[in-house]
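Structural overview
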Amino acid sequence: MTMRAAYCKIRTSPLLALAVLVLAAFPGSRAAGPCPERPLRIVVPFAPGGGTDAIARTLAQEMAQDLGVSVIIENKPGAETIIGTQAVAASAPHGYTLLMGTFSHAVNISLSAKLPYDPHKDFAPVALIARSFNIVVVNPKSAIRTIADLIAAAKASPEKITFGTFGVGTSAHLAGELFNTMAKVKLTAVPYKGAAPAITDLISGQIDVMFTTVASAASLVESGQLRAIAVTSAERSPAFPQLPTVAEAGVPGYAAESWYGLFAPAGTPVGIIGRLNKSAALAVRSEAFRKLIVNEGLVTVALPPEEFDRYVRGEEERWRRVIRDAGISVE
């Protein structure tokens, strides 16, 4: 037995081994074996340097150690993640090309009337890697110190209170629109090309509030340049235990989160999907991921494919209603 064969044998569960044997009975299924023979590629539909890129690179590093081959990150930003996502949809279903999907994967179908792929028919879910929440932040000189203050200000001046977003249909945007619906107020969205310019305007007082990511604002909250008033998760965060949830602070039932998960092209053999899911689950338990949990405000999960699929469909449905009620679309 070669070292490579021994490596694969150690890391393959009996159930997965059975799946591989079944697949091997079919012509042309040699690629369905659980061990890759060449480098894998994870397409990130965002530019390098952001939170999704950091998570994908950490995942790639850990999966490479487990799988015994290189895992390469390829950034394909553009068109609200559609360019990179479409590239993976068009790839061969051999398990060597994967997508780091995000919140956008569940909402783009409701935002665009001409999506060039079907998020269900063209993809096979591999693993939900992690979920993350946003934090509600204001200028430290603002009179808004709580969610109750924000609601009161919005009701006193309808459409006058502004919230910055990273762009139309982003998690920061839809978290604000969900707040509008559930708190029965009308904050006005101001779109920016990324978190940095929006935060700059928040600090300078050009806008009033943001539902932004932990990575983009945590250091500014710590330094006193921003004031955090709540978290958007369903439960309090260990990273910010002093902050109430939006639900606790006055909007019962409110919860908005982002997420990160791996997808393969539809038709990828079940044996390969299982092997990749197992590798991803191992990766999120690593020390490298523990550091990301703090820096990015993550909750690692590594759901199996079936549960990941149910989660995505649930997200798609809940945000479809928010998008429809707010009249949001991307041309």
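The coordinates are above.
As a starting point, this report considers the structure included with it. (Residues numbered from 1 in each chain as written. Predicted model: local features only at pLDDT ≥ 70, side-chain atom pairs only at ≥ 80, totals over all residues. Heavy atoms only, no water.)

1. Side note on the overall build of the chain
A tally of helices and strands in the chain yields 12 helices and 10 strands. Residue burial in the chain is summarised as follows: out of 331 residues, 52% are buried. The contacts in the chain between residues at least 6 apart in sequence include a share of 78% that link residues at least 24 apart. As presented, the chain carries roughly 14,800 Å² of accessible surface, and 58% of it is formed by carbon and sulfur atoms. (Helix = DSSP H or I, 4+ residues; strand = E, 2+ residues; numbered from the N terminus. Buried < 20%, exposed > 50% of the residue type's maximum accessible area, 1.4 Å probe, protein only. Contact = heavy atoms within 4.5 Å. Areas by Shrake-Rupley, 256 points an atom, 1.4 Å probe, with all protein chains shown as cover.)

2. Description of the packing of aromatic side chains
On inspection of all chains with the given rule, the structure shows 11 aromatic pairs. Taking 5.8 Å as the distance between ring centres and 85° as the angle between the ring planes, the aromatic pair formed by Tyr117 and Phe123 counts as edge-to-face. Its relative accessible area of 7% is what places Tyr117 among the buried residues. Aromatic pair Phe179 and Phe211: ring centres 5.6 Å apart, planes at 55°, arrangement tilted. Of this pair, Phe179 sits in helix α7 (residues 171–183) while Phe211 sits in strand β7 (residues 209–213), placing them 32 residues apart in sequence. (Phe/Tyr/Trp six-rings, centres within 6.5 Å; stacked < 30°, edge-to-face > 60°.)

3. Thoughts on the pairing of strand β1 (residues 40–44)
Counting buried positions along β1 gives 4 out of 5 residues, so the element sits mostly inside the fold. Of the pairings in the sheet, the one linking β1 to strand β2 (residues 71–75) comprises 5 bridges and is parallel in character. Residue pairing for β2: Arg41 is matched across the bridge by Ile72. For the handedness criterion, the β-α-β arrangement of β1, helix α3 (residues 51–67) and β2 is classed as right-handed. (Pairing = 2+ DSSP bridges. Right-handed = clockwise from strand over helix to strand, strands pointing away.)

4. Things to note about empty space enclosed by the protein
Taken as a whole and assessed by the stated rule, the structure comprises 2 cavities of 30 Å³ or more. Volume-wise, the largest cavity comes out at about 40 Å³. As for the largest cavity, its lining consists of Phe103, Asn134, Ser171, Ala175, Thr232, Ala256, Glu257, Ser258 and Trp319. Looking at the lining of the largest cavity, the elements with two or more residues in it are α7 and β9 (257–265). Split by residue class, the lining of the largest cavity holds 4 nonpolar, 4 polar and 1 charged. Each pocket or cavity is described by its volume, and for the second largest cavity that value is around 30 Å³. As for the second largest cavity, its lining consists of Pro45, Thr81, Thr85, Leu99, Met100, Gly101, Thr102, Ser104 and His105. Those elements giving two or more residues to the lining of the second largest cavity turn out to be β3 (97–102) and α5 (103–111). Looking at which element gives the most residues to the lining of the second largest cavity, the answer is β3, with 4 residues. Split into classes, the residues belonging to the lining of the second largest cavity amount to 3 nonpolar, 6 polar and no charged. (1 Å grid on protein atoms, 1.4 Å probe; cavity = no way out; pocket = protein on both sides within 12 Å on 5 of 7 lines; lining within 4 Å. Points joined across faces, edges and corners; volume = space filled by probe spheres on them. Nonpolar A, V, L, I, M, F, W, Y, C, P; charged D, E, K, R; others polar.)

5. Points about the nonpolar core
If you look at the biggest cluster of nonpolar residues, it comprises 46 residues, and the most contacted ones within it are Ile147, Phe179, Leu187, Tyr254 and Trp259. Sequence-distant contacts of Ile147, that is, excluding residues within four places in its chain, are made with Val136, Phe179, Ile229, Ala230, Val246, Ala249 and Val251. Core analysis: the second largest hydrophobic core is formed by 35 residues, Met63, Met100, Tyr260 and Ala280 among them. (Core = buried A, V, L, I, M, F, W, Y, C linked by side-chain atoms within 4.5 Å.)

6. Digging into helix α6 (residues 147–156)
Every α-helix carries 3.6 residues per turn, so stepping three or four residues along brings you back to the same face. Within α6 the residues assigned to the buried category are Ile147, Leu150, Ile151 and Ala154. Down the axis, α6 shows its buried residues gathered within 95° of arc, on one side only. In the core, the buried residues of α6 are packed alongside β4 (123–138), α7, β7 and β8 (227–231). In this structure Thr146 caps α6, since a side-chain oxygen of it lies 3.4 Å from the backbone nitrogen of Ala148. (Arc of directions from axis to C-beta. Polar contact = N/O pair within 3.5 Å; in protein donor to acceptor, adjacent residues only side chain to side chain.)

7. Overview of the packing of α5 against helix α12 (residues 305–326)
α12 packs onto α5 with a crossing angle of 45° between their chain directions and a minimal axis gap of 8 Å. What the angle tells us is that α5 and α12 run oblique. As for the relative orientation of α5 and α12, their crossing is right-handed in sense. Taking contact as the criterion, the partners of Phe103, Ala106, Val107, Ile109, Ser110 and Leu111 in α5 are, on α12, Val312, Glu315, Glu316, Trp319, Arg320 and Ile323. Here the contact of α5 with α12 is composed, by residue class, of 8 nonpolar, 1 polar and 3 charged. (Axes fitted to C-alpha atoms, helices over the stretch in contact; angles between N-to-C directions. Parallel < 35°, antiparallel > 145°, perpendicular 65-115°, else oblique. Left-handed = near helix turned anticlockwise from the far one by under 90°.)

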